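# Overview (structure and organization)
The chain contents come next:
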Amino acid sequence: MNPRRQFVLLFLIVPLILRGIASGSVDDAQSFALQAAEPYVREGFQVREDYWGGDLAAGEKKAVRQQLFKGNEYWFWMGTEVSHARISVHIYDKDGKLVEQSDSWQKGHFAAAHVVPSTTDSYFIIVAVEESPEERTHWALVYGFR
Amino acid sequence: MISVFHINKWAGFTLALLGFTAEAAQAPQHINVKQYKTVADVVVPLPGEVFGALNKLGPVNWKEFVRTEKGANFSERPRTALLLGNVIADGFIAVQAQDAPAVKDIGQRVLSLAKGIGVGASITPHAKAITEAADKRKWDNVRLELDRTQNSVQQAMNELQDQKLSQLVSLGGWLRGTQILTSVVHRHFTQEGAELLHQPDLLKYFGDRLTAMPEYSVPVVESIKHALVEVRPLIDTGSKPISADAVKKINDITTRLDGEIVTR
């Protein structure tokens, strides 16, 4: 390989590849959200194939609005591939009242919220990256019902 | 997309460990939900979600709602997209009825419609899996494959920059689900059953989406657009319960639309 090609490979292409590997993707985040869901599948929750995701800065929050049905029970699971990040997910009704069950939890780059809707209506699932070593942190949200 | 069933065995162990160490989530008791940017307008539920809730209110004779006739094929893509959503919803009904031959017929019908709209390749493995699961009477697996089918169809459409067609698939499924929901609740009216129709944000979402697709102004899309305006005051009743009369009217409207979707 000529020296010019070596330079391009070493100083331009390799760092780009390494950055790509390190930065992950929303699909990676989804695999962690599904990991969080896995024990609940054994309890009869049907996990929906679709998922929602993106990237957030530390301290940033977003909402996913969702129609829920009284009579069903739902879990929402959130994950990120950034292992030192701390994330959260919470569920509010249309009036902004926290409606999740007390067994909702968060642990590092996993979080989950449990709701048994008291009315059939749309609800707000608020996702947040509380802390992260990354400038932008991928996240993904999946949900299941029974 | 990664399936929950493909996660390695260590995932369960990791999460079991997590269960012992997770913190209870602390969150404010009240927030102003309007201050947040939303990721999606409204997440459209699967027909299986509303059928599951309906099932908990009392026994439903799902067999009488099973439909397997082949029906028409359309050359217009928006019509095929609506029909595709409608037929996938029929698949969920056949699962509720535990009708294996119907499930298999519907799987093949979905495949044929998907091919007609240019997204058949992504559906072939799901159609095969639906048939196999139906033969083994593994209803949860059939449900999962129907969900995957709808998701794959919509992903394939999105990849073709056809998000509007993808939205029509959701709408077709929602309309068929609402038709069945109102049929069941109308026959044995309860306020709990009628409350399942309380979906005003979803109705607004579909109305907005249809308004944003003038290029798909085929007669059935126009009919749906007008029908959504008719339905809205019947379900958006504030604190008042949805009446038996409203349920009957919504059933008439959705039955009429279903006829327009499935017939030439």
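Rules used in this analysis
- Residues numbered from 1 in each chain as written.
- Chains lettered and ligands numbered in written order.
- Predicted model: local features only at pLDDT ≥ 70, side-chain atom pairs only at ≥ 80, totals over all residues.
- Helix = DSSP H or I, 4+ residues; strand = E, 2+ residues; numbered from the N terminus.
- Rg over C-alpha atoms; globule rule 2.2 N^0.38 Å.
- Buried ≥ 20, exposed ≤ 12 C-beta atoms within 10 Å, placed from the backbone.
- Contact = placed C-beta atoms within 7 Å.
- Pairing = 2+ DSSP bridges.
- Axes fitted to C-alpha atoms, helices over the stretch in contact; angles between N-to-C directions.
- Nonpolar A, V, L, I, M, F, W, Y, C, P; charged D, E, K, R; others polar.
- Expected span 1.5 Å × (residues − 1).
- Parallel < 35°, antiparallel > 145°, perpendicular 65-115°, else oblique.
- Left-handed = near helix turned anticlockwise from the far one by under 90°.
- Arc of directions from axis to C-beta.

Looking now at the overall build of chain B. Along its length, chain B carries 11 helices and 1 strand. Going from the N terminus to the C terminus, chain B shows its helices and strands as α-β-α-α-α-α-α-α-α-α-α-α. Compactness check: chain B gives a C-alpha radius of gyration of 20 Å against a globular reference of 18 Å for 264 residues, within 12% of the reference. With the C-alpha coordinates of chain B rotated into their principal frame, the extents come out at 55 × 45 × 40 Å. Looking at chain B residue by residue over its 264 residues, the buried ones come to 44%. In chain B, 74% of the contacts between residues at least 6 apart in sequence involve partners at least 24 apart.

In this section: the overall build of chain A. Check the secondary structure of chain A and you find 2 helices and 9 strands. Shown N-terminal to C-terminal, the secondary structure of chain A runs as helices and strands in the order α-α-β-β-β-β-β-β-β-β-β. Taking all 146 residues of chain A together, the buried fraction comes to 49%. Put simply, of all contacts in chain A between residues at least 6 apart along the chain, 78% involve residues at least 24 apart.

Residues and elements named next belong to chain A. Read from one edge to the other, the open sheet built from 3 strands follows the order E3-E8-E5, with strand pairing classed as antiparallel. With partners counted over all chains shown, the strands left at the sheet margins are strand E3 (61–68) and strand E5 (86–92), one partner each. Between one strand and the next, the sheet's axes are offset by a mean angle of 20°, whatever the strand orientation. In terms of strand pairing, E3 meets strand E8 (residues 121–131) through 8 bridges, oriented antiparallel. Of the residues in E8, the one forming a bridge with Gln67 is Ser122.

In this section: the interface of chain B and chain A. For an interface, size is often stated in terms of accessible area lost upon the parts coming together. On the side of chain A, 49 residues touch chain B, which itself brings 49 residues to the contact. Broken down by secondary-structure element, the contributors of at least two residues to the side of chain B that touches chain A are helix H1 (9–21), strand E1 (23–24), helix H2 (47–55), helix H6 (139–159) and helix H9 (200–211) of chain B. At 7 residues, H1(B) tops the list of elements feeding residues into the side of chain B that touches chain A. Here the residues of the side of chain B that touches chain A sort into 27 nonpolar, 11 polar and 11 charged.

As a further point, take the environment of B:Gln163. Residue and element names in this part refer to chain B. For Gln163, the location among the structural elements is in helix H7 (residues 163–187). Judged by local crowding, Gln163 falls into the partly exposed class, with 13 C-beta atoms found within 10 Å. Sequence separation of Gln163 and Glu132 is 31 residues, and the distance between their C-alpha atoms is 30 Å. Apart from residues lying up to four places away in sequence, Gln163 is in contact with Met157 and Asn158.

Attention shifts here to helix H11 (residues 244–262) of chain B. Residue and element names in this part refer to chain B. Look at H11: 27 Å from first C-alpha to last across 19 residues, which is about the 27 Å you get at 1.5 Å a residue. Among all positions of H11, only Val247, Ile250, Asn251, Ile253, Thr254, Leu257, Ile261 and Val262 are buried. Those residues of H11 hidden inside the fold are in contact with helix H3 (77–96), H7, helix H8 (191–195) and helix H10 (219–235).

Residue and element names in this part refer to chain B. Contact pair H7 / H11: the axes reach a minimum separation of 8 Å and the direction vectors enclose 140°. Put simply, H7 runs oblique to H11. Every pair of crossing elements has a handedness; the one defined by H7 and H11 is left-handed. For the pair H7 and H11, contact is made by Gly172, Leu175, Arg176, Thr178, Gln179, Thr182, Ser183, Val185 and His186 and by Val247, Lys248, Ile250, Asn251, Thr254, Thr255, Leu257, Asp258 and Ile261, respectively.

Residues and elements named next belong to chain B. With respect to the helices and strands, the residue Phe51 is situated in helix H2. For Phe51, a count of 24 C-beta atoms within 10 Å puts it in the buried group. Sequence-distant contacts of Phe51, that is, excluding residues within four places in its chain, are made with Phe92 and Gln96.

Once that is clear, we can look at the pairing of strand E2 (residues 52–56) of chain A. Each regular strand carries side chains that alternate between the two faces of the sheet. Residue and element names in this part refer to chain A. Within E2, 4 of the 5 residues are buried, which leaves it mostly tucked inside the rest of the structure. When E2 meets strand E9 (residues 137–145), the two strands line up antiparallel, connected through 5 bridges. Bridge pairing in E9 links Trp52 to Leu141.

Further remarks concern H9(B). Along its 12 residues, H9(B) runs 17 Å from first to last C-alpha, staying within 8% of the 16 Å computed at 1.5 Å per residue. The complete set of buried residues in H9(B) reads B:Leu202, B:Leu203, B:Tyr205, B:Phe206 and B:Leu210. Each buried residue of H9(B) lies within a common arc of 160° when the element is viewed along its axis, so the set occupies one face. Turned more than 90 degrees away from the buried face of H9(B), the exposed residues are B:Asp208 and B:Thr211. Those residues of H9(B) that are buried are in contact with E3 of chain A together with H7 and H10 of chain B.

Interpretation note: all reported values are geometric properties and have no functional meaning in isolation.
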